[in-house]
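Observations on the model geometry
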Amino acid sequence: MRPIKNSLLVPKAKALAQRAVLSDDTAYWQTASFSRWGNDRFEITAAALKALVAYDPSHVLVAPVLTFFARTKSGNRWNSTKATAMVIYAMCDYLAFQD
């Protein structure tokens, strides 16, 4: 896999990064809480991680997101089966870019 860096994605990646909630050495995303559908911070953060990794696997927010996932895991899962699957898929994307 190769990162997808082009001029059209630069503003999108910047906007995504600006919406991150930064806390100490972690980062995550959340919605405006207007609906329960798609309002899971783990699912949203996993989707954001997939997008950032596709754009730039060494993006400054990748490590804080991985730290967020490591610290918020409950036993062998996150919030739900769906959230856990999305987090694992996002981490697989990240790992696919590693040497």
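Up top you'll find the structure we're talking about.
In this text, all values refer to a predicted model and were calculated from it rather than measured experimentally.

1. Description of the environment of Val21
Mapped onto the elements of the fold, Val21 is located in strand E1 (residues 21–23). A relative accessible area of 24% means that Val21 is categorised as partly exposed. Each residue touching Val21, except ones within four places of it in the same chain, is listed here: Thr26, Ala27, Tyr28 and Gln30.

2. Some words on the packing of aromatic side chains
Evaluation of the coordinates by the stated rule reveals four aromatic pairs. When the centroid spacing of 5.0 Å and the interplanar angle of 20 degrees are considered together, the rings of Tyr28 and Phe68 count as stacked. Separated by 40 residues along the polypeptide, Tyr28 in strand E2 (residues 26–28) and Phe68 in helix H3 (residues 62–72) bring together distant segments of the chain. For Phe68, a relative accessible area of 4% puts it in the buried group. Pairing Phe68 with Phe69 gives two aromatic rings, centres 5.6 Å apart and planes at 50 degrees, and the pair type is tilted.

3. Considering the pattern of salt bridges
For the coordinates displayed, the defined rule picks out three salt bridges. Measuring nitrogen to oxygen at the nearest pair gives 2.5 Å for the salt bridge that ties Arg71 to Asp25. Pair noted here: Arg71 is in helix H3 and Asp25 is in the loop between E1 and E2, with a separation of 46 residues, a long-range link. Residue classification places Asp25 among the partly exposed residues on the basis of a relative accessible area of 39%. Salt-bridge contacts for Glu43 lead to Lys82; the nearest nitrogen and oxygen are separated by 3.4 Å. Of this pair, Glu43 sits in helix H2 (residues 41–55) while Lys82 sits in helix H4 (residues 81–96), and the two are 39 residues apart along the sequence.

4. Notes on the packing of helix H1 (residues 10–18) against H2
Where H1 meets H2, the axes come as close as 11 Å, and the angle between the chain directions of the two elements is 140 degrees. Considering their axes alone, H1 and H2 lie oblique with respect to each other. Relative to H2, the crossing made by H1 is left-handed. Residue-level contacts link Val10, Ala13 and Leu16 of H1 to Ala48, Ala51, Leu52 and Tyr55 of H2.

5. Description of H4
The terminal C-alpha atoms of H4, which comprises 16 residues, lie 22 Å apart, in line with the 22 Å expected from a rise of 1.5 Å per residue. Every buried residue of H4 is accounted for by Ala83, Thr84, Val87, Ala90, Asp93 and Tyr94.

6. Overview of unusual backbone geometry
Positive phi, normally seen in glycine, also occurs at Asp24, with a value near 55 degrees. With respect to the element layout, Asp24 can be found in the loop between E1 and E2.

Procedures and definitions
- Residues numbered from 1 in each chain as written.
- Predicted model: local features only at pLDDT ≥ 70, side-chain atom pairs only at ≥ 80, totals over all residues.
- Heavy atoms only, no water.
- Helix = DSSP H or I, 4+ residues; strand = E, 2+ residues; numbered from the N terminus.
- Buried < 20%, exposed > 50% of the residue type's maximum accessible area, 1.4 Å probe, protein only.
- Contact = heavy atoms within 4.5 Å.
- Phe/Tyr/Trp six-rings, centres within 6.5 Å; stacked < 30°, edge-to-face > 60°.
- Salt bridge = Lys/Arg side-chain N within 4 Å of Asp/Glu carboxyl O.
- Axes fitted to C-alpha atoms, helices over the stretch in contact; angles between N-to-C directions.
- Parallel < 35°, antiparallel > 145°, perpendicular 65-115°, else oblique.
- Left-handed = near helix turned anticlockwise from the far one by under 90°.
- Expected span 1.5 Å × (residues − 1).

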